[in-house]
Amino acid sequence: MLQQRSDTAFSYLYDNYSGALNGIINQIVPESETANDVLQEVFVNIWRKIESYDPTKGRLFTWMLNIARNASIDKIRSRSYRNNLKNQTLADNVNDPLNLQVIKPVYDNIGLRKIVSQLKEEQRILIELSYFQGYTHEEIAKVMSIPLGTVKTRIRSALIQLRTML
Amino acid sequence: MNIKEYIASGIIESYVLGLATDQDRAEFEQLAAQYPEIADARTRFELELEKQVFASAVNPPDDVKEKILNTIGETGTSVNLPSTVSIEHDITPSRNQGWLRFAAAASLILFIVSGYFAYKFYNQNKELTTKNIELEKERDSVANIASEQQKIMNDPNVMVVNMVGTEKAPKSSANIYWDSTSRNVWLVVKNMPKLASDKQYQLWALIDGKPVDLGLFDPPDNKVILKMNNTQKADAFAITIETRGNTGGPTLEELQSMGKARLQ
């Protein structure tokens, strides 16, 4: 049986995947220091939860990517983060019952987010809200005053369209 | 259910990106376990997504790695990689302190190796090409163990049967991998508790209503894939609890889990 050092396993994981995961984190969390914090959290979580990864459900990278995306969304939705934003420049939108800010992101010129920005507006908004900002179908339906079923169907069409652009 | 329509419906993209509702997600997982075409379609999209995300990789500052290592508090300790265990020899793996964590780290390496296939696509990025070479070296060094497990799980001829718990043991679960060409049968335990020392689990194939023994086994300590007896046919698989070394038929009152084999 082969002997392997566990810190080599971690190094392997970090060296090969940190760049890609960091890329997606940076597309959701624009401040680089905060993004680095999220990256750290993400790798600690991956390392601690590795036993829960189920290979029959998909690839390892997909599992890690979803951890990274969820951690990024949790960060931007956290109270401390929002408070910081308010203190800086952005004003609340009074017509916005969920305090949902669908601002045109300034960091949409890279990666997945760049591709999403090329979708037609109706589809872009849905992917922006659901994928990059973590809003549920219900929340989106409420804010946009469209039926829940429509949200789901439109998201599906948007994703099919998005895939042709990958 | 029309598989082709299902695959084209956007559910694959939705599931992989983490956007599916809980209900759709559960349904997808069940169907993907049942239909290899769906699992394959999932893998195809996963690879496309991976390629895209890697293309916009951003290297983090050098000190981040150190900070993470400090947090997880890992030191350089040896870990044993799991190997496929033949049930006749019943090898008990040696235990290291903290083996659970290290065995997880070891199985992690095995699945990282599957990342090798994703790197085949990344020609233009020189950094990733270098990593490809490193990956190949890593893969070759764990080749025997990794390639065997990966071959089994990714082989299109291999049918996955999800063993679902019974009323007696609702949480019992395992996966059977049945190769339709070689007729080999492998078992991966997912949730099956250890038994008293005079008891063992036994796997059965149900053929034309009759149970056929495919082997006795104990749930392994680490994530090994168990090789069971071959079977030409199976309508379904079943796992029961028997006395250790049972030579008789199945004790159906102790049925733990069952799974239907998909028709060829």
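Before any of the text, the structure's been laid out above.
To start, this report covers the structure provided alongside it.

Definitions and cut-offs
- Residues numbered from 1 in each chain as written.
- Chains lettered and ligands numbered in written order.
- Predicted model: local features only at pLDDT ≥ 70, side-chain atom pairs only at ≥ 80, totals over all residues.
- Heavy atoms only, no water.
- Helix = DSSP H or I, 4+ residues; strand = E, 2+ residues; numbered from the N terminus.
- Buried < 20%, exposed > 50% of the residue type's maximum accessible area, 1.4 Å probe, protein only.
- Contact = heavy atoms within 4.5 Å.
- Areas by Shrake-Rupley, 256 points an atom, 1.4 Å probe, with all protein chains shown as cover.
- Polar contact = N/O pair within 3.5 Å; in protein donor to acceptor, adjacent residues only side chain to side chain.
- Core = buried A, V, L, I, M, F, W, Y, C linked by side-chain atoms within 4.5 Å.
- Phe/Tyr/Trp six-rings, centres within 6.5 Å; stacked < 30°, edge-to-face > 60°.
- Salt bridge = Lys/Arg side-chain N within 4 Å of Asp/Glu carboxyl O.
- Pairing = 2+ DSSP bridges.

Another point: the overall build of chain A. Helix and strand counts for chain A come out as 8 helices and 1 strand. Overall, chain A shows an N-to-C arrangement of helices and strands of β-α-α-α-α-α-α-α-α. The 166 residues of chain A split such that 51% are buried. Residue pairs in contact within chain A that sit at least 24 positions apart in sequence constitute 58% of those at least 6 positions apart. Of the roughly 7,700 Å² that chain A leaves accessible, carbon and sulfur atoms contribute 49%.

This brings us to the environment of Tyr201 of chain B. Residues and elements named next belong to chain B. By secondary structure assignment, the location of Tyr201 is in strand 6 (residues 199–207). When its relative accessible area of 1% is taken as the criterion, Tyr201 is described as buried. Sequence separation of Tyr201 and Gly245 is 44 residues, and the distance between their C-alpha atoms is 9.6 Å. The residues touching Tyr201, leaving out its near neighbours within four places in the chain, are Met192, Pro193, Leu195, Gly215, Leu216, Phe217, Pro219, Ile239, Thr240, Ile241 and Gln256. In terms of polar contacts, Tyr201 uses its side chain to reach the backbone carbonyl oxygen of Pro193, at 2.6 Å.

Ranked by size, the top nonpolar core spans 74 residues in total, and within it Leu13, Leu21, Ile25, Val42, Phe61 and Met64 of chain A carry the most contacts. Once you skip the residues sitting within four places of it in the chain, Phe61 of chain A turns out to touch Tyr17, Ala20 and Leu21 of chain A together with Glu50, Val53 and Phe54 of chain B. With 24 residues, the next largest nonpolar core counts Val161, Ile176, Leu203 and Ala205 of chain B among its residues.

Now for the side chain of Asn16 of chain A. Residue and element names in this part refer to chain A. Within the element layout of this structure, Asn16 appears in helix 1 (residues 6–28). Accessibility expressed as a relative area gives 5% for Asn16, which makes it buried. Within polar-contact distance, the side chain of Asn16 engages the backbone oxygen of Tyr12 at 2.9 Å.

So, on to the packing of aromatic side chains. Residues and elements named next belong to chain A. All chains considered together, the criterion is met by 13 aromatic pairs over all chains. With centroids separated by 5.8 Å and ring planes inclined at 25°, the aromatic side chains of Tyr17 and Phe61 adopt a geometry described as stacked. In this pair, Tyr17 is assigned in helix 1 and Phe61 in helix 3 (residues 60–77), connecting sequence segments 44 residues apart. You can call Tyr17 buried: its relative accessible area is 2%. A centroid spacing of 5.5 Å and a plane angle of 50° characterise the contact between Tyr53 and Trp63, whose relative ring orientation is tilted.

Turning our attention to the side chain of Asn184 of chain B. Residue and element names in this part refer to chain B. On the secondary structure map, Asn184 appears in the loop between strand 4 (173–179) and strand 5 (185–191). Only 3.2 Å separates the side chain of Asn184 from the side chain of Asn230, close enough to count as a polar contact. The contacts of Asn184, once residues within four sequence positions are left out, are Tyr177, Trp178, Asp179, Lys227 and Asn230.

Evaluated as defined, the whole model comprises 17 salt bridges over all chains. When the shortest N-O distance is used, the salt bridge between Lys65 of chain B and Asp15 of chain A registers 3.0 Å. Taken together, the residues span two chains, with Lys65 of chain B in helix 5 (residues 63–72) and Asp15 of chain A in helix 1. Across the pair Glu139 of chain A and Arg77 of chain A runs a salt bridge, and its minimum N-O distance is 3.6 Å. Of this pair, Glu139 of chain A sits in helix 7 (residues 137–144) while Arg77 of chain A sits in helix 3, and the two are 62 residues apart along the sequence.

The next subject is the pairing of strand 9 (residues 236–243) of chain B. All names here are of chain B. Among the 8 residues in strand 9, 7 count as buried, and that is most of the element. Both strand 6 and strand 9 contribute to a ladder of 8 bridges, which runs antiparallel. Looking at strand 9, one finds that Gln200 is bridged to Glu242. Where strand 9 meets strand 10 (residues 255–260), 5 bridges bridge the pair, whose relative direction is antiparallel.

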